[in-house]
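# Observations on chain architecture
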Amino acid sequence: MMKTFPRWILYVAAFLLYVLHNDLWFWNDPRLVLGLPIGLLYHVAFCLAASALMVFLVIYAWPEKLEVEEEREEE
Amino acid sequence: MITTGVIFVYLVLVLLIGAFSHKLFRGTGEDYFVATRTIGPFILLMSLFGTNMTSFALLGASGEAYHQGIGVFSLMASAGALVIPCVFFFVGPRVWSLGKRHGYLTQVQLFRERWGSDGFGLVLFVVLIALIIPYLLIGIMAGGITLNEITNGQIPEWAGGLTVCLVVLAYVTYGGLRGTAWANTFQTLVFMILGGVTFYVVVDRLGGFSAALARVVNQHPELLIRGDSIQPLKLLTYTFVLLSVGMFPHMFMHWLSARRAATFRYPLMFYPVCIAVVWLPSVLLGILGSVDFPGLKGPQANYILVKMIGLHAPEILAGLLAAGVLAAVMSSLDSQVLSIGSMFTQDIVRHYGFHDRMSEKQQVLVGRLFVVGILVVTYLLFLISNRSIFRLGIWSFSGFSALFPIVVAALFWKRSTKYGAFASVFSVVVLWIYFFLQAGRAEDYTIGGTGVMPVAVILAVSTAAMILFSLLSKAPDQAVIEKFFPSGGGRP
């Protein structure tokens, strides 16, 4: 993947993740999956998805300008 | 006796870390308050996470899960896994960059210069201090009550609270931010590891996780779904409470201590995982506790973790858990206290009374004395307060969250003005007081019982006030724009 990956896609992904946090579809689902209640497992997976999103944001949407300014000041 | 011994050893270790960090102290105000901006990625992650995780994550989460079941995790943990790192991503490095470039040590300095208003700096200082005092109080209270419960009353509440205050006072005044960050790192590792160990030991005694959960399925199946325990609108609007991290003075202080902008990268990536690691065992133990200890009412369930350990684990684990809870309490309290000391020294004493007339050593001394004063006052409040003060926590967070438009406007909106900022803060104060009075003694207040948290309304009004009054007032001077948006078109 190129480092010029469009930032807006990641911002939309962050918003979508925020929407997906409201999992009405598992609200009253009592099933156990992988030993955990599915409503809980979903939110543990959500934490991992949030971590993945942050990895993408850091790699492809990092405010590089701040580091350029930092280097310029150090010189 | 074993429990008390473990607690004592733990406190000595924390003090030794604070003392050791003092060896690197450079004797300057910048070193005392932001460690001369030398903190690396790992310590930054542990500091940010440890400061944000209070005793609530260990005890409160399990207590809430005892009553409400798995929904607690979605309400408080997974929401934080998304919102908090996003706030750090958009705000943290930009605040750090401005702090490094202009030498800021506090958030008030940044906002005062951003909008060129001493008056705004003063108003914000007062509001921030007023909002953080309940937060400090909760920490001391949690320490006192927990030590009392875990030692079966051997350590009275007043002595527990006093111990927490004295230990924090010692390493904060001696080690400054470096000591605080190192102690935070140690303490964060302690409560993360002990949470997992506690979970493993208890579940093992219950015959394994599947067997333990099967008992809940049979006796309290309602705890394994959200059902009516949490309203969907509450899940949606509770996320706004988490924006508070963008305006906490102690968060600003830790951001400003980073070595470089890039120091933020790893903490951002791993923060959500750390949340899951701490909250999952706490929530599950609370749910499992509903079988062994049925019928606990209200705050009685806050000690379900302690009760589970007492029933299923050796005494030494109770001592270790006490150490873990103290770790969670002190890793928040220390940063809050230090940030208040920093704000008082820089934003009041130095800015108004002795600007350019105080030596670096005098700055550090004033900061230390103010830290002592704040802890003494908070401890006295702890002695006379009712336990219902715990409910103030959510109000404290809501107030900070509603101030979030200020930091967003300062960093991203060139057209924002001091009038917009004043209007925003004013609206927060008025609405916060209004909703606080409306809520009365209700522990679970939402607007009209709909599930909508008051913070959603306060935040919306605060944002509208910032936009409206900025647009109605004269645009800021070009010199200010150039200072905060140096390239002319971008963000700081």
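Attention in this report is confined to the structure presented alongside it. Quick caveat: nothing in here was measured; it's all calculated off a predicted structure.

Along chain A, the regular secondary structure elements total 3 helices and 2 strands. Going through the 75 residues of chain A one by one, you find that 45% of them count as buried. Pairs at least 24 apart in sequence give 65% of the contacts found in chain A among residues at least 6 apart. Taken as a whole, chain A presents about 4200 Å² of accessible surface, with 72% of it coming from carbon and sulfur.

Before going further, it helps to spend a moment on the layout of surface pockets. Space left empty within the atom packing is revealed by a probe, the size of a water molecule, rolled over the atoms. Residue and element names in this part refer to chain B. The volume enclosed by the second largest pocket comes to roughly 480 Å³. Together, 16 residues line the second largest pocket, and Val83, Cys86, Val87, Phe90 and Leu243 are the ones closest to its centre. The element that contributes the greatest number of residues to the lining of the second largest pocket is helix α5 (residues 71-102), accounting for 6 residues. Grouping the constituent residues of the lining of the second largest pocket by class yields 15 nonpolar, 1 polar and no charged.

Accessible area lost upon the coming together of the parts is a frequently used measure of interface size. The interface is formed by 43 residues belonging to chain A together with 47 residues belonging to chain B. Carbon and sulfur atoms supply 70% of the area buried between chain A and chain B, which totals about 3900 Å² over both sides. For the interface between chain A and chain B, the tally reads 1 salt bridge. A salt bridge links aspartate 23 of chain A to arginine 226 of chain B; the shortest N-O distance between them is 2.6 Å. Joining chain A to chain B, the criterion identifies 12 residue pairs in polar contact (both at pLDDT 80 or more). Of all the secondary-structure elements, those providing two or more residues to the side of chain A that touches chain B are α1 (7-20), β2 (36-37), α2 (38-60) and α3 (64-74) of chain A. Sorting elements by how many residues they give to the side of chain A that touches chain B places α2 of chain A first, with 14 residues. Its residues assigned to classes, the side of chain A that touches chain B shows 26 nonpolar, 7 polar and 10 charged.

So, about the side chain of arginine 114 of chain B. Residue and element names in this part refer to chain B. Considering the arrangement of structural elements, one finds arginine 114 in helix α6 (residues 107-114). Despite being buried, arginine 114 has no salt bridge partner; aspartate 477 is the closest side chain of opposite charge, sitting 10 Å away. A polar contact is formed between the side chain of arginine 114 and the side chain of serine 416, at a distance of 3.2 Å. Setting aside chain neighbours within four positions, we find arginine 114 in contact with Ala409, Ala410, Trp413, Lys414, Ser416, Val480, Phe484 and Phe485.

Once that is clear, we can look at the pattern of salt bridges. Tallied over the full model, the rule gives 5 salt bridges over all chains. Linking arginine 31 of chain A and aspartate 29 of chain A is a salt bridge whose minimum nitrogen-to-oxygen distance equals 2.7 Å. When the shortest N-O distance is used, the salt bridge between aspartate 477 of chain B and lysine 474 of chain B registers 3.7 Å. Relative accessible area serves as the criterion here: at 47%, aspartate 477 of chain B is assigned to the partly exposed category. For lysine 474 of chain B, a relative accessible area of 67% translates into the label exposed.

Here we come to the packing of α5 of chain B against helix α11 (residues 249-256) of chain B. Residues and elements named next belong to chain B. In contact at an axis separation of 8 Å, α5 and α11 are set at 65° when each is read in the N-to-C sense. Of the two elements, α5 crosses α11, and the hand of that crossing is right-handed. Along its contact with α5, which presents Phe88, Val91, Gly92, Val95, Trp96 and Gly99, the element α11 presents Met251, Phe252, Trp255 and Leu256. Class assignment of the residues belonging to the contact of α5 with α11 gives a composition of 8 nonpolar, 2 polar and no charged.

Turning our attention to a nonpolar patch on the surface. Residue and element names in this part refer to chain B. Together, Trp158, Val372, Val376, Leu380, Leu383 and Ile384 line one region of the surface with nonpolar side chains, adding up to about 600 Å² of accessible area. In terms of residues, the nonpolar patch owes the most to one element, helix α15 (residues 360-384), which gives 5 residues. Valine 376 sits in the partly exposed class, given a relative accessible area of 45%.

This brings us to empty space enclosed by the protein. Residue and element names in this part refer to chain B. Tallying each qualifying case throughout the model produces 4 cavities of 30 Å³ or more. When its volume is computed, the largest cavity comes out at roughly 60 Å³. Residue assignment for the lining of the largest cavity shows that the elements contributing at least two residues are α7 (118-150) and α14 (315-353). Ranked by residue count, the leading element in the lining of the largest cavity is α14, at 5 residues. Of the residues in the lining of the largest cavity, the class split is 5 nonpolar, 5 polar and no charged.

Structurally, threonine 185 of chain B can be placed in helix α8 (residues 157-205). When its relative accessible area of 8% is taken as the criterion, threonine 185 of chain B is described as buried.

Once that is clear, we can look at unusual backbone geometry. Residues and elements named next belong to chain A. In this structure, leucine 34 takes a positive phi of about 55° despite not being glycine. Mapped onto the elements of the fold, leucine 34 is located in the loop between β1 (32-33) and β2. Judged by relative accessible area, leucine 34 falls into the exposed class, the value being 76%.

A few words on the packing of helix α3 (residues 41-52) of chain B against α11 of chain B. All names here are of chain B. The contact between α3 and α11 brings their axes to 10 Å, and the two run at 175°. Judged by the angle between their axes, α3 and α11 are roughly antiparallel. Counting all contacts with α3, which are made through Leu44, Ser47, Leu48, Thr51 and Asn52, the residues of α11 involved are His250, Met251, His254 and Trp255. Of the residues that constitute the contact of α3 with α11, the class distribution is 4 nonpolar, 5 polar and no charged.

This next bit is on the nonpolar core. Grouped together as the largest cluster of nonpolar side chains are 198 residues, with contacts concentrated most on Phe111 and Trp279 of chain B. For this core, the element with the most residues is α8 of chain B, which contributes 19 residues.

Rules and cut-offs
- Residues numbered from 1 in each chain as written.
- Chains lettered and ligands numbered in written order.
- Predicted model: local features only at pLDDT ≥ 70, side-chain atom pairs only at ≥ 80, totals over all residues.
- Heavy atoms only, no water.
- Helix = DSSP H or I, 4+ residues; strand = E, 2+ residues; numbered from the N terminus.
- Buried < 20%, exposed > 50% of the residue type's maximum accessible area, 1.4 Å probe, protein only.
- Contact = heavy atoms within 4.5 Å.
- Areas by Shrake-Rupley, 256 points an atom, 1.4 Å probe, with all protein chains shown as cover.
- 1 Å grid on protein atoms, 1.4 Å probe; cavity = no way out; pocket = protein on both sides within 12 Å on 5 of 7 lines; lining within 4 Å.
- Points joined across faces, edges and corners; volume = space filled by probe spheres on them.
- Nonpolar A, V, L, I, M, F, W, Y, C, P; charged D, E, K, R; others polar.
- Buried area = accessible area lost by both parts, 1.4 Å probe.
- Salt bridge = Lys/Arg side-chain N within 4 Å of Asp/Glu carboxyl O.
- Polar contact = N/O pair within 3.5 Å; in protein donor to acceptor, adjacent residues only side chain to side chain.
- Lys, Arg positive; Asp, Glu negative; His and termini not counted.
- Axes fitted to C-alpha atoms, helices over the stretch in contact; angles between N-to-C directions.
- Left-handed = near helix turned anticlockwise from the far one by under 90°.
- Patch = residues over 30% accessible without salt bridge, like charges linked within 9 Å, V, L, I, M, F, W, Y side chains within 5 Å.
- Parallel < 35°, antiparallel > 145°, perpendicular 65-115°, else oblique.
- Core = buried A, V, L, I, M, F, W, Y, C linked by side-chain atoms within 4.5 Å.

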